[in-house]
Amino acid sequence: VNPRKHPLEIPPPSEKDWPRDDEEDFFLLDPDRRRDVLPQPVRMISKLVLQVFEGAMEIIERREMLREAQNRKVQPKKCFPTAEFQVTERANCLAVSGKYIFAGLSVGLAAFSTCDFRDVHAWDAAKTEICAIHASDLGNECHVLLAVDDMGLAWLFFFHRESFLLIKVLNEVKDMTQRSTCVEVVLSRGGDYAGILLQGNTKAWLEIYQLPKDSWLTESEKNTGAAEELACSEKTSGCSPEVQKSSISLCALPVSAIQADVDLDLPELLLTVRPPKPITGTSFKGPLEALKEVDDGSMLGLGYNHLIKDSQWELQEAIFCSTYQEYLEAEGVTKEEIPRHATFHFLLPSRILMGPEMKVQPDIPVGIGVHWDGNHNFCLYLLNHSPKQKADSDLKPDVVWPCAAPIACSAVSSCSRYLALAGEDATITIWDKHLGYPLSVTAILEERFIRSIHFL
């Protein structure tokens, strides 16, 4: 029996049947419905806590990534001192030669041994402060030292049998008014030559000395033989054990006394290099007279042998100043002055510095390279000049390498083949000194000034 009178119909939807927003995520709600619906202050606090938590996790992840990147890097090796030398005065400078470390102190010199880390000897006879020191190993446990004190004096020492022997003060003069100050010293590798840069009241110059190391080594061998004979005579003398101990401990006294009596040969002055003078008007009356002063025309010079008169120089300067007057006033151009500082290097044999009949040794310098501050030219001088050329006050360079800009600094490789010249225009040129041509030219960023350059 069907009691329905009308057919079944689907009722129309109504707002009551629509799902509410809070019921869409009903499966995420707490079954107990204790923490689902929170009042407004608590919801704000929960949101802030969640933001703080997420920010903390981001910081932690970032730090972990930085820590992992740091661990992937090559860590530098930490080195700790193996020994410590105690000095009574302030140490200003250090130099290493052979198995000895030489320290320039506020009063005198000190030598330390790297074998047993002990204080070998100290020199403070002159009570002077040593500001710079250079040392070179001569062989046979002999060393040569060149030191500069706070008064600008250059001290030349010979170190043998763990004691200092003063040879000469290179720039010492009797008249204090004519005294010059040493601003830089350089020793060649092997101790064959020494160079000092001196400055007077109004001028500067470079002096190159040849060190008679062969005679020094011969004299030191004689000194060693005399000391051994004296020590043997002391040992063979009959005395009690207590007296023998005292004689052995005092054995250094005769040795030092013998060394104090040794008269070593003095170094010989080879060259006196002066800064180039500003180019002025010619003094020649004609072209033939100028050509007589030119050697053979096979190399560049400093530009002194020209035929430009003073009036022409003045006219050119007047035209230049009138053309670029506004730029000159803004820049504040100064007049050219004679430079007072130079950088110099001892150079080993090469094709540029060797003649066809020159007999040289590969490990002994044959020349020096010099450039003065603010000058465009790198000048090379041979060390085998004749006595007539030595006395010349205006020594001419044997080779001149001109540069486009004034040379700011220079460096020579350990093999002495490669030469690096850095100009004031921030351009570095690497030269092959054996062949005499540039290998590369590198320009640094603009508005940069190169103060020093080194080979690694």
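What you see is a predicted model, and the numbers here were worked out from it, not measured in a lab.

Draft legend 1. Main features of the overall build of the protein chain. Scanning the protein chain from N- to C-terminus turns up nine helices and 20 strands. Across the 456 residues of the protein chain, 34% fall into the buried class. Accessible surface for the protein chain amounts to roughly 31100 Å². Of this, 55% is attributable to carbon and sulfur atoms.

Draft legend 2. Main features of a nonpolar patch on the surface. Where nonpolar side chains cluster on the molecular surface, the patch consists of Tyr 418, Leu 435, Tyr 437, Leu 439 and Phe 455 and spans about 420 Å² of accessible area. With respect to the helices, strands and loops of the structure, Phe 455 is situated in the segment after strand 20 (437-443). Judged by relative accessible area, which is 33%, Phe 455 ranks as partly exposed.

Draft legend 3. Seen up close, the pairing of strand 1 (residues 91-97). Direction of pairing for strand 1 relative to strand 2 (residues 100-105): antiparallel, over a ladder of six bridges. Across the sheet, Val 96 pairs through a bridge with Ile 101, a residue of strand 2. Where strand 1 hands over to strand 2, the hairpin turn is made up of two residues, of which Gly 98 adopts a positive phi near 65°.

Draft legend 4. View of the environment of Phe 112. Considering the arrangement of structural elements, one finds Phe 112 in strand 3 (residues 109-113). The class of Phe 112 is buried, set by a relative accessible area of 4%. With 27 residues separating them in the primary sequence, Phe 112 and Phe 85 have C-alpha atoms 7.7 Å apart. Sequence-distant contacts of Phe 112, defined by excluding residues within four places in its chain, comprise Phe 85, Gln 86, Val 87, Lys 99, Tyr 100, Ile 101, Ala 103, Arg 118, Asp 119 and Val 120.

Draft legend 5. Focus on the pattern of salt bridges. Summed over all chains, the structure comprises six salt bridges. For Glu 129, the salt bridge identified is with Arg 90, shortest N-O distance 2.6 Å. Taken together, the residues Glu 129 in the loop between strand 4 (118-123) and strand 5 (130-139) and Arg 90 in the loop between helix 2 (40-72) and strand 1 connect sequence positions 39 residues apart. Here Arg 90 falls in the partly exposed class, since its relative accessible area comes to 49%. With a closest N to O distance of 2.5 Å, Asp 116 and Arg 118 form a salt bridge. On the basis of relative accessibility, which here comes to 41%, the residue Asp 116 falls in the partly exposed class. For Arg 118, a relative accessible area of 32% translates into the label partly exposed.

Draft legend 6. Molecular detail of a negative patch on the surface. A surface patch of negative charge is lined by Glu 54, Glu 58, Glu 61, Glu 64 and Glu 68. In this structure, Glu 64 sits in helix 2. Using a relative accessible area of 39% as the deciding quantity, one classes Glu 64 as partly exposed.

Draft legend 7. Expanded view of the environment of Pro 275. Structurally, Pro 275 is set in the loop between strand 12 (268-273) and helix 6 (287-293). In this structure, the C-alpha to C-alpha distance between Pro 275 and His 371, residues 96 residues apart in sequence, is 8.7 Å.

Draft legend 8. Inspection of the side chain of Ser 136 at higher detail. Considering the arrangement of structural elements, one finds Ser 136 in strand 5. Looking at Ser 136, its side chain comes within polar contact range of the main-chain nitrogen of Gly 190, at 3.3 Å. From its side chain, Ser 136 meets the backbone nitrogen of Gly 191 in a polar contact 3.1 Å long. Excluding residues within four positions of it along the chain, Ser 136 makes contact with Ser 97, Cys 142, His 143, Val 144, Leu 187, Ser 188, Arg 189, Gly 190 and Gly 191.

Draft legend 9. Looking closely at the sheet that holds strand 14 (residues 367-372). Strand order across the open sheet formed by four strands is 13-14-15-16, with antiparallel pairing between neighbours. Each end of this open sheet is capped by a strand with a single partner; those strands are strand 13 (342-347) and strand 16 (399-402). Strand-to-strand twist of the sheet, defined as the mean angle between neighbouring strand axes without regard to direction, takes the value 20°. Of the strand pairs in this sheet, strand 14 and strand 15 (residues 377-382) are connected by four bridges, and their pairing is antiparallel. Paired with Gly 367 across the strands is Leu 382, a residue of strand 15.

Draft legend 10. Local environment of the packing of aromatic side chains. One pass over the structure, following the stated rule, counts 14 aromatic pairs. An angle of 70° between the planes, with centres 4.7 Å apart, marks the rings of Trp 123 and Phe 157 as edge-to-face. One end of the pair, Trp 123, is in strand 4; the other, Phe 157, is in strand 7 (residues 154-160), and 34 residues separate them in sequence. Owing to a relative accessible area of 0%, Phe 157 belongs among the buried residues under this scheme. Measuring from centroid to centroid gives 6.1 Å for Phe 157 and Phe 164, while their planes differ by 75°, and the two rings are edge-to-face. Among the aromatic residues, those joined into a cluster by ring pairs are Tyr 100, Phe 102, Trp 123, Trp 155, Phe 157, Phe 159 and Phe 164. We note Lys 203 situated over the ring of Trp 205; from NZ or CZ to the ring centre the distance is 5.8 Å.

Draft legend 11. Representation of unusual backbone geometry within the structure. Non-glycine residue Lys 127 carries a positive phi angle of around 55°. As for its placement among the helices and strands, Lys 127 is situated in the loop between strand 4 and strand 5. Positive phi values are uncommon outside glycine, yet Glu 141 reaches one of about 60°.

Draft legend 12. Representation of the nonpolar core. Leu 146, Leu 156, Phe 158, Ile 196 and Trp 216 are the most contacted members of the largest nonpolar core, which has 23 residues in total. Broken down by secondary-structure element, the contributors of at least two residues to this core are strand 6 (142-149), strand 7, strand 8 (164-169), strand 9 (181-187), strand 10 (193-199), strand 11 (204-210) and helix 3 (213-236). Counting residues per element, this core draws most heavily on strand 6, which supplies four residues. When residues no more than four places from it in sequence are discounted, the contact partners of Leu 146 are Ala 132, Ile 133, His 134, Trp 155, Leu 156, Leu 170, Val 185, Val 186, Leu 187, Ala 194, Gly 195 and Ile 196. Counting residues in each nonpolar core, the second largest holds 19 residues, with Ala 204, Ile 368, Trp 372 and Leu 395 among its members.

Reading the values: the criteria
Residues numbered from 1 in each chain as written. Predicted model: local features only at pLDDT ≥ 70, side-chain atom pairs only at ≥ 80, totals over all residues. Heavy atoms only, no water. Helix = DSSP H or I, 4+ residues; strand = E, 2+ residues; numbered from the N terminus. Buried < 20%, exposed > 50% of the residue type's maximum accessible area, 1.4 Å probe, protein only. Areas by Shrake-Rupley, 256 points an atom, 1.4 Å probe, with all protein chains shown as cover. Patch = residues over 30% accessible without salt bridge, like charges linked within 9 Å, V, L, I, M, F, W, Y side chains within 5 Å. Salt bridge = Lys/Arg side-chain N within 4 Å of Asp/Glu carboxyl O. Pairing = 2+ DSSP bridges. Contact = heavy atoms within 4.5 Å. Lys, Arg positive; Asp, Glu negative; His and termini not counted. Charge placed at Lys NZ, Arg CZ, Asp CG, Glu CD. Polar contact = N/O pair within 3.5 Å; in protein donor to acceptor, adjacent residues only side chain to side chain. Axes fitted to C-alpha atoms, helices over the stretch in contact; angles between N-to-C directions. Phe/Tyr/Trp six-rings, centres within 6.5 Å; stacked < 30°, edge-to-face > 60°. Lys NZ or Arg CZ within 6 Å of the ring centre and 35° of its normal. Core = buried A, V, L, I, M, F, W, Y, C linked by side-chain atoms within 4.5 Å.

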